[in-house]
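# Structural characterization, general
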Amino acid sequence: MTCSPKLFSWMNEIRQHLHQNPELSFYETETATYIQNKLQSIGIQSTGGVSGTGVLAEIGPSDTKLTIGLRADMDALPITEETGLSFASDKRGSMHACGHDGHVAMLLGAASLLQQMDLTHRIRFLFQPAEEKGNGAQKMIEAGAIDGLEAIFAGHIDTHYETGSITVDEGIICAFADPFTIRIHGNSGHAARPHETKDAIVAAAGLITSLQSLVAREVDPNHAAVLSIGKIQAGEIHNVIADNAILEGTIRSTHPDARKRMLAGLKRMVNGNASLYDVRTELVFLDTLPAVINHKLATTVARDAAATIVSKENVISQGPSSLGGEDFAFYLQKIKGCLVRFGAKKTEPSGPAHSSTFDFDDAVLSIGASWYAQVAMNFQKQV
Ligand code: NI
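Residues numbered from 1 in each chain as written. Predicted model: local features only at pLDDT ≥ 70, side-chain atom pairs only at ≥ 80, totals over all residues. Heavy atoms only, no water.

For the rest of this paragraph, the subject is the overall build of the chain. If you tally the helices and strands in the chain, you get 9 helices and 16 strands. Here the C-alpha atoms of the chain give a radius of gyration of 23 Å, agreeing with the 21 Å that 2.2 N^0.38 yields for 383 residues. The principal-axis extent of the C-alpha atoms belonging to the chain is close to 80 × 45 × 40 Å. Across the 383 residues that make up the chain, the buried fraction comes to 53%. By sequence separation, contacts in the chain at least 24 residues apart represent 81% of the contacts at least 6 residues apart. Charged side chains in the chain number 32 positive and 42 negative. The centres of these two groups are separated by 5 Å. (Helix = DSSP H or I, 4+ residues; strand = E, 2+ residues; numbered from the N terminus. Rg over C-alpha atoms; globule rule 2.2 N^0.38 Å. Buried < 20%, exposed > 50% of the residue type's maximum accessible area, 1.4 Å probe, protein only. Contact = heavy atoms within 4.5 Å. Lys, Arg positive; Asp, Glu negative; His and termini not counted. Charge placed at Lys NZ, Arg CZ, Asp CG, Glu CD.)

Moving on, we get to the domain arrangement of the chain. What the domain assignment lists for the chain is domain 1 (5-172 + 291-382) and domain 2 (176-285). Between the C-alpha centres of domain 1 and domain 2 the distance comes to 37 Å. Ranking the residues of domain 1 by area buried against domain 2 places Ile-172, Ala-291 and Leu-323 at the top, with a combined share of 78%. The interface formed by domain 1 and domain 2 holds 1 residue pair in polar contact (both at pLDDT 80 or more) in total. For the side of domain 1 that touches domain 2, the residue count by class is 3 nonpolar, 4 polar and no charged. (Domains from an automatic or database assignment. Buried area = accessible area lost by both parts, 1.4 Å probe. Polar contact = N/O pair within 3.5 Å; in protein donor to acceptor, adjacent residues only side chain to side chain. Nonpolar A, V, L, I, M, F, W, Y, C, P; charged D, E, K, R; others polar.)

Written out as structure tokens, the structure is:
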């Protein structure tokens, strides 16, 4: 399954158009219309408005029970682009800084390739909103997007790896993510008379420092885990003791035991902090993102497809699980599937994913499209 130079140009144009016109999670309306138009131009009917802005399309014979899904995410990030690219984002505060523009282009490319094949089963294309929000996949599932699917596959552009390589790993490849908010309530007063107050900032500072010992002392050192506080908000002015502090953070873990210990330790420390500093504390867990756990059979199919596209020696392992999250995990809780990473390192330096200077090697578009199409065809052979 190979892409012609013509197909590459088509995909590159799509990628550059989307890159220039990024839309944030659940606001991908123009992106969705653009995708539907592109599908129509290659003779594929689609349904829009799935879980808000998602797009679904299906091809293949109708007299088969076997349907497999190929998924691309399509949202941008709230970042102002600083790449200086000719097709850089036209919108301040919105940028495709994770390669989702490339994912859409690849999946459209794969649709074009598969449209010309003699298919013996059905293939469903899922253009999913709001991966960056962590719940787009869940909304797609609620809207019935994976009903009747036997398996689902996806790839993510990754500039850590050389262009021409694909990472394929069975088992866990992305971490459990447990975001949380902590509220600390004290009493305000004059900065010169702390004995008349309950200082929320001192309590917050003590808690932040204590929490770091969870990774060091409670988790098996062989199990990866991290606790990061990404936001702290407290106080108004230098001479007033703050009565409230809000902390926001996330726990990432790759082993159920580590996760259990981290969550229990966090609860215990937040509660303990209340009596330690004589304040009131509240801990709220936000939406949890499960780990991405690639299924055995689907991983074998994904690996064989990758070997066909980039040759066996370029099918590599990502090594230990990433501590990043991916909402593809929700699909894998329901059906079998596999998420791979497409190497897309540029020769000239560019920033990492989720930075204002992120860019990837556009040669990856052909590799991604070919892999998507190949994995869909290979699954057919296995069954
Ligand atoms: Ni991403």
